[in-house]
Amino acid sequence: PASGGGTCPNGICDAGEDATSCPQDCPAATFAVSGAVTGPDGAPAYPNVAIELTDATGATLTANTGQDGAYSFPSVAPGTYTITPQVDTGKFTVTPTSATVTVTDQPLAQDFVLQPVAQDQTTLFGTVTSSFLGYPAGVKGAHVVVNGPAGPFETTTQDQTGDWRIESIPNGTYSITISAPYHQDLVLENQDLTGGERRIDLPAGGLQPLPLQSPSWDSNANGTLDLGDVLFWLQGLSGWMPATTPAPGGTNTIKGTVTSSALGYEAGIKDAEITIRSDTGLIQLATTTADQSGTWQVNGLADGSYTVNITATGHQPYHVADLQVQGGEVAVELPAGGLTPATAGSHPWDANSNHRLDLEDIVQALRRLAHL
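Parameters and conventions
- Residues numbered from 1 in each chain as written.
- Predicted model: local features only at pLDDT ≥ 70, side-chain atom pairs only at ≥ 80, totals over all residues.
- Heavy atoms only, no water.
- Pairing = 2+ DSSP bridges.
- Helix = DSSP H or I, 4+ residues; strand = E, 2+ residues; numbered from the N terminus.
- Axes fitted to C-alpha atoms, helices over the stretch in contact; angles between N-to-C directions.
- Polar contact = N/O pair within 3.5 Å; in protein donor to acceptor, adjacent residues only side chain to side chain.
- Contact = heavy atoms within 4.5 Å.
- Salt bridge = Lys/Arg side-chain N within 4 Å of Asp/Glu carboxyl O.
- Buried < 20%, exposed > 50% of the residue type's maximum accessible area, 1.4 Å probe, protein only.
- Core = buried A, V, L, I, M, F, W, Y, C linked by side-chain atoms within 4.5 Å.

1. Considerations on the sheet that holds strand β15 (residues 163-170)
Read across the sheet, 3 strands follow the order β15-β10-β18 without closing on themselves; strand pairing throughout is mixed. Looking at which strands have only one partner, the edges of the open sheet turn out to be β15 and β18 (196-200). The mean angle between the axes of side-by-side strands here comes to 20°, regardless of whether they run parallel or antiparallel. Bridge analysis of strand β10 (residues 121-127) against β15 gives 6 bridges, and the strand direction is antiparallel. Pairing of Leu 124 across the sheet is with Ile 166, part of β15.

Written as structure tokens, this is what we have:
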């Protein structure tokens, strides 16, 4: 016995005793309220569903279901409560939507069943990428168009992540076209949209660049086939290789950063090739390639005048003539936006349109130069 007139067996008040009969120094009895959230057939279990337990005063406790779909409120005082699962009603129906229970003198169980809602609309999303610059990168300004029984639905990537999203597309069979400047269009036919959300994945490497127009045989990067190009490539075709060692004793440096705006924003071009030649452009002195940031540097050059050729896949070459180097470092600055992307097609000096420089191209070029 304890003060207050009641009994206190096992350290708690007897079930049903009110405050006048229950000793003041004994805690009130509590009981567990538990259950599970499952699908119609008992599986799958739904984890991370918030379950709210609300008493008559409006006070609320919250518990989340575990990986097995079970929830529990381990210490609930006797009384009447409402149990409500919090679900996205646009995606699920729940039975019952809520349950009113009365806790008396024993644990109580209340289960709920979730049923996915059949959706008549689909959300598409994805990321437009390209390896145009020598490494995977998002494409800003790529255009996505979804055509089918409704639409078209379209959007444009807004930043360099290349992310896009189109919501509320009525279900059906659609084609999806993804396009971007300097890239081949990607068309995905017969895409069945059946509701919910669906990610559209691109092939490895992302969008494919357009075929090159201006290949690397424009040795002095002036946009025309001239005698300098003919002599340079005749040397190559004959098997004679120019010197590749910088002039001895030099302490000067030529450096720079190769960039492009082909993806909708300026970014470095990995593996862009930089060739340093003599002032005539015929004798090769050094070559290097840019890192992922597009930066490059050639050291050990003697004082003098140089030509610098910069080439990168999918871009028109860039040429700097008569670059004076003396007593230190010289930076090669590209125009705003970096290298100019190439466009599709075959260059006019590719006489037989086989996308490589061969003897037939040389012969035709010499005939033009001789006005034959």
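2. Remarks on the side chain of Asn 252
With respect to the helices and strands, Asn 252 occurs in strand β19 (residues 252-257). A polar contact is formed between the side chain of Asn 252 and the backbone nitrogen of Gly 327, at a distance of 2.9 Å. Engagement of the side chain of Asn 252 in a polar contact is seen with the backbone nitrogen of Gly 328, the distance being 2.7 Å. Those residues in contact with Asn 252 that sit more than four places away from it in its chain are Val 298, Asn 299, Gly 300, Leu 301, Ala 302, Asp 303, Val 325, Gln 326, Gly 327 and Gly 328.

3. Thoughts on the pairing of strand β13 (residues 143-147)
Examined bridge by bridge, β13 and strand β16 (residues 172-179) share 5 bridges and lie antiparallel to one another. When the sheet's bridge partners are listed, Asn 147 is paired in β16 with Ser 175. Looking at chain direction, β13 and strand β14 (residues 153-156) are connected through 4 bridges and run antiparallel. When the bridges of β14 are listed, Val 144 appears paired with Thr 155.

4. Describing the sheet that holds strand β27 (residues 329-332)
Reading across from one edge, β24-β19-β27 is the order of the 3 strands in this open sheet, with mixed pairing throughout. The open sheet has two edge strands with one neighbour each: β24 (295-301) and β27. Taking the axes of each pair of neighbouring strands and ignoring which way they run, one obtains an average angle of 20° across the sheet. Where β19 and β27 come together, 4 bridges link them in parallel fashion. When the sheet's bridge partners are listed, Ile 254 is paired in β27 with Val 330.

5. Some words on the pattern of salt bridges
Side chains that differ in sign of charge can pair as their charged atoms come close. Counted by the stated rule, this structure contains 4 salt bridges. Close ionic contact of Arg 165 with Glu 197 constitutes a salt bridge, the shortest N to O distance being 2.4 Å. Of the two residues, Arg 165 is situated in strand β15 and Glu 197 in strand β18; the sequence distance between them amounts to 32 residues. In this structure, the salt-bridge partner of Arg 199 is Asp 201, at a minimum N-O distance of 2.9 Å.

6. A short note on the environment of Gly 294
Tracing the backbone through its elements, the reader meets Gly 294 in the loop between β23 (284-289) and β24. Gly 294 sits in the buried class, given a relative accessible area of 0%. A C-alpha to C-alpha distance of 7.8 Å links Gly 294 and Asp 271, two positions 23 residues apart in sequence. With sequence-adjacent residues up to four places away left out, Gly 294 is seen in contact with Gly 256, Thr 257, Val 258, Gly 268 and Ile 269.

7. A word on the nonpolar core
Val 128, Ile 254, Val 258, Ile 276, Trp 296 and Val 308 are the most contacted members of the largest nonpolar core, which totals 52 residues. Setting aside residues no more than four positions away along its own chain, Ile 276 makes contact with Ile 254, Ile 283, Gln 284, Leu 285, Ala 286, Val 298, Leu 301, Tyr 306, Thr 307 and Val 308. Membership of the second largest hydrophobic core comes to 21 residues, among which are Ala 29, Phe 31, Val 37 and Tyr 81.

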